[in-house]
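Examination of the molecular architecture
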Amino acid sequence: MTGNISYDYIWQIYQTEKSTNTIQLVPKSFYTDAQAFVAELSNKNDDESVAIKTNIERLINSIYQRRKQKIMVYVAYGKQLPQPVPAEEARFYENLQKLFSNETLNTKSTNKPSLRAIRDIPEIFLPSGNKIGPVSKSNTVEVASEEDTEYLVSNKLCELS
């Protein structure tokens, strides 16, 4: 399948990836085909082939790095990758999604201080604009901001637990 891969083709993909903010469609076998093309050039020992091989390796690495940056943006915004994508990029995307979801879960659980109601609290608006209540005495209260925590503790409605 390396008949489809050429220096010009790789250069066009590089230029397109460099000039856009979205992942461009490439064949699923792009990286394996490109490696096979580089291997063919490695068999030739003339100076021109060595220079082309070096340039192609640099271009492929640049394409992959640029596409990884774009994949990170896709994961950050919760978007799906356009299909088809090479298997290497699909694995990178899946690993990032797992890492991102685990990190999100960990930050949600560790950032919120645990509050316990000292008395019954009716439904009230907090300084952040969020609403809590009604909450019975001794129940735990979850608030999103430090300002809300400070408000509840300073007004003797809750205590840190």
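1. Details of the sheet that holds strand 4 (residues 140-141)
On the basis of which strands lie adjacent, the open sheet formed by 3 strands has the order 4-1-5 and antiparallel pairing. The open sheet has two free edges, formed respectively by strand 4 and strand 5 (158-160), since each of these has just one partner strand. Pairing geometry for strand 1 (residues 115-117) and strand 4, over 2 bridges, is antiparallel. The residue of strand 4 that forms the bridge with Arg-116 is Thr-140.

2. Examining the environment of Thr-16
In this fold, Thr-16 is placed in helix 1 (residues 7-19). In this structure, the C-alpha to C-alpha distance between Thr-16 and Ile-60, residues 44 residues apart in sequence, is 13 Å.

3. A look at helix 1
Residues three or four positions apart in an α-helix share a direction because the helix packs 3.6 residues into each turn. With 13 residues, helix 1 should cover 18 Å at 1.5 Å per step; its first-to-last C-alpha distance of 18 Å lies within 8% of that length. Burial in helix 1 covers these residues: Ile-10, Ile-13, Tyr-14 and Glu-17. Take helix 1 and look down its axis: the buried residues cluster within an arc of 100 degrees, on one side only. Across helix 1 from its buried face, at more than 90 degrees, point the exposed residues Asp-8, Gln-12 and Ser-19. Contacts made by the buried residues of helix 1 are with helix 2 (30-43) and helix 3 (47-76).

The rules behind the values
Residues numbered from 1 in each chain as written. Predicted model: local features only at pLDDT ≥ 70, side-chain atom pairs only at ≥ 80, totals over all residues. Heavy atoms only, no water. Pairing = 2+ DSSP bridges. Helix = DSSP H or I, 4+ residues; strand = E, 2+ residues; numbered from the N terminus. Expected span 1.5 Å × (residues − 1). Buried < 20%, exposed > 50% of the residue type's maximum accessible area, 1.4 Å probe, protein only. Arc of directions from axis to C-beta. Contact = heavy atoms within 4.5 Å.

Honestly, that's just the spatial picture; any functional story needs more than this.
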